[in-house]
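Chains, contacts and geometry: an overview
Chain residues, written in single-letter form:
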Amino acid sequence: MTHPLLDLAPLTAARFASIEDRVARLLDTRQDVVIMQGEALLPLEGAIRAAAGPGTTALNVITGPYGQTFGNWLRDCGATVHDLAVPFRTAVTAEQIRTALARHPEIDFVSLVHAEAATGNTNPVAAIGEVVREHGALFYLDAVASVGAEPVLPDAWGVDLCVIGAQKAMGGPAGVSAVSVSERAWARMAANPNAPRRSYLSLLDWKERWTDAGRTALLHAPAQLEMLALEACVERIEAEGLPAVMSRHASAAAATRAGALALGGGLEPYVREAADAAPVATTLRAPAGLAASDLVARALERDPGLPLAAGGGALAEEMIRVNHYGSDATPAAVRSSLAALGAALAERGARPVDPRAAREAADAAWR
Ligand SMILES: *Cc1c(COP(=O)(O)O)cnc(C)c1O
């Protein structure tokens, strides 16, 4: 008896290449797109280790937990790192980047996270890209949480290394990921004696033995199920249309924010300005005296399928996350999430809680 997940024909090089091309179309890029056989941390780390070394001076922008990780990798590579940290309730501005670059003209690498699913903010990459390009630095972007939820345009924005994963707004698998690489970035890697080579982390291996070799022979057996899932997920996005998928995410975020404000009970948006709030996930601040983790647990007890989570680590007590990943970016998921949070707040004694006002505000804000 054949098994649908187990007894598959091998994934051919041609099929692999066609999946890369579809991902490139999703990003509207003519840069090389390399699909890495691991979760997004693989290309995120691989790109930094390939492009940065002891001669590098980096501006590392910290708007959430991932920025911290990138700074650690950059230091580990021997780079001189200038951190620019902004409060997680805001976004960084192009002006702040301009000031930091003017203060340290030797900066030749800028790392930035586009949207932060963990903190719910999003950064103005188009405007920042202009400033980085003017300065001439290489521009590294983590777009894992933004792709599918809002525009991600590496070519138009001058991003040299743009990393994506499918597990957030794309509604796809977590086990493979992709990075688009500019000519400038390839040149930087080629000139870096410390860039990983003959290594699972190596982007240069993929360039030399796959992309430049005509994409006829894979380096090793690919993660076949994850590649097929990525293909299916891109097909589904193409069928709905990327603009429609992004619009669903924007609506889900706007509706959740408006609904939470109308719900009452002391619940507040965690990200201060709506313009800085990411379409991929809406973060809320629990009322004083009530633990976010407890409210989320109560809400999930009522409805275990809801896309709710408490903040990670130190944020678990104050932050509630309403995720809008892929198929969860719907009016129904937003309404049910608000209703369950309202019930949890009321149960814990928060007053006044108005679920009907929340639902009306959410429906009105859905664009
Ligand atoms: C989700 C996410 C990743 C991928 O990390 P996981 O925790 O493994 O899902 C990377 N960067 C950002 C900004 C993310 O939101």
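Everything numeric in this text was worked out from a predicted model, so none of it was measured. (Residues numbered from 1 in each chain as written. Predicted model: local features only at pLDDT ≥ 70, side-chain atom pairs only at ≥ 80, totals over all residues. Heavy atoms only, no water.)

1. Examining the sheet that holds strand S9 (residues 281-285)
Put simply, the rule reads: Here the rule is simple: two strands pair whenever DSSP picks up at least two bridges between them. Each helix corresponds to a stretch of at least 4 residues labelled H or I by DSSP, and each strand to a stretch of at least 2 residues labelled E; elements are numbered beginning at the N terminus. In what follows, a contact means two residues having at least one pair of non-hydrogen atoms within 4.5 Å. Structural elements are reduced to axes, namely lines fitted to C-alpha atoms, with helices fitted over the stretch in contact, and the angle between N-to-C directions of any two is expressed from 0 to 180 degrees.
Strand order in the open sheet formed by 4 strands is S8-S9-S11-S10, and the pairing between neighbours is antiparallel. Of all strands in the sheet, those bounded by a partner on one side alone are strand S8 (268-269) and strand S10 (308-310). Of the strand pairs in this sheet, S10 and strand S11 (residues 319-323) are connected by 3 bridges, and their pairing is antiparallel. Looking at the pairing, Ala 310 lines up with Ile 320 of S11. In the packing of helix H10 (residues 242-263) onto the sheet, contacts are made with S8, S9 and S11, and the angle to S9 comes to roughly 15°. Relative to the sheet, helix H11 (residues 292-302) contacts S10 and S11, its axis offset from that of S10 by approximately 155°.

2. Overview of the site of the ligand
The condition that has to hold: The criterion for a residue being near a molecule or strand is simple. One of its heavy atoms has to lie within 4 Å of it. Residues adjacent in sequence count toward polar contacts only when both atoms are side-chain atoms; beyond that, a polar contact is any pair of N or O atoms within 3.5 Å, and within protein one must be able to donate a hydrogen and the other to accept it. For the area figures, the Shrake-Rupley method with a 1.4 Å probe applies, and any residue is considered shielded solely by the protein chains shown. Only Asp, Glu, Lys and Arg are considered charged in this grouping, and only Ala, Val, Leu, Ile, Met, Phe, Trp, Tyr, Cys and Pro are considered nonpolar; every other residue, Gly among them, is considered polar.
Close contacts around the ligand come from Glu 39, Leu 44, Tyr 66, Val 113, Ala 115, Ala 117, Asp 142, Val 144, Ala 145, Gln 167 and Lys 168, and that covers them all. Within the side chain of Tyr 66, one N or O atom sits 2.7 Å away from an oxygen atom of the ligand. Protein contacts shield 80% of the accessible area of the ligand, which totals 370 Å² for the unbound molecule. Considered class by class, the residues forming the shell around the ligand number 7 nonpolar, 1 polar and 3 charged.

3. Some thoughts on the packing of aromatic side chains
How two aromatic rings sit relative to each other is set out by the distance from centre to centre and by the angle between their planes. Quick reminder of the rule: Pairing of aromatic side chains here covers Phe, Tyr and the six-membered ring of Trp, requires ring centres within 6.5 Å, and sorts the geometry by plane angle: under 30 degrees stacked, over 60 edge-to-face, intermediate tilted. Only protein chains enter the area calculation, which uses a 1.4 Å probe; residues under 20% of their type maximum are buried, those over 50% are exposed, and those in between are partly exposed. Charge-over-ring placement is defined geometrically: NZ (Lys) or CZ (Arg) within 6 Å of the ring centre, and within 35 degrees of the ring normal.
What the rule picks out here adds up to 6 aromatic pairs. Here Phe 70 and Tyr 140 contribute two aromatic rings whose centre-to-centre distance is 5.4 Å and whose plane-to-plane angle is 85°, an arrangement assigned as edge-to-face. Separated by 70 residues along the polypeptide, Phe 70 in helix H3 (residues 65-76) and Tyr 140 in strand S5 (residues 138-142) bring together distant segments of the chain. The class for Phe 70 is buried, based on a relative accessible area of 0%. Ring geometry for Phe 109 and Tyr 140: centres 5.8 Å apart, planes at 35°, overall tilted. With a gap of 31 residues between them, Phe 109 in strand S4 (residues 109-113) and Tyr 140 in strand S5 connect regions that are remote in the sequence. Of the residues examined, Phe 109 reaches a relative accessible area of 0% and is grouped as buried. When its relative accessible area of 0% is taken as the criterion, Tyr 140 is described as buried. Members of the aromatic cluster, connected to one another through ring pairs, are Phe 70, Trp 73, Phe 109 and Tyr 140. One Lys or Arg, Arg 89, reaches over the ring of Tyr 270 and ends 5.5 Å from the middle of that ring.

4. Some thoughts on a nonpolar patch on the surface
Inclusion rule: Candidate patch residues must exceed 30% relative accessible area and have no salt bridge, after which like charges are joined if within 9 Å and Val, Leu, Ile, Met, Phe, Trp or Tyr side chains if within 5 Å. A pairing counts as a salt bridge when a side-chain nitrogen of Lys or Arg comes within 4 Å of a carboxyl oxygen of Asp or Glu.
Judged by side-chain polarity, Leu 5, Leu 6, Leu 8 and Leu 225 come together as a nonpolar surface patch covering roughly 380 Å² of accessible area. Mapping Leu 225 onto the fold places it in helix H9 (residues 224-240). Residue classification places Leu 225 among the partly exposed residues on the basis of a relative accessible area of 42%.

5. Description of the UniProt feature "binding site: substrate" (unreviewed entry) in the protein
Counted only if it meets this: UniProt positions are given in the numbering used here, feature names are shortened, and annotations may be inferred rather than shown by experiment.
Look at the UniProt record and you will see "binding site: substrate" (unreviewed entry) annotated at Arg 321. Position of Arg 321 among the secondary structure elements: in strand S11. Apart from the residues within four sequence positions on either side, Arg 321 is in contact with Ala 117, Ala 118, Thr 282, Thr 283, Pro 307, Leu 308, Ala 309, Ala 310 and Gly 311. From its side chain, Arg 321 meets the backbone oxygen of Ala 117 in a polar contact 3.4 Å long.

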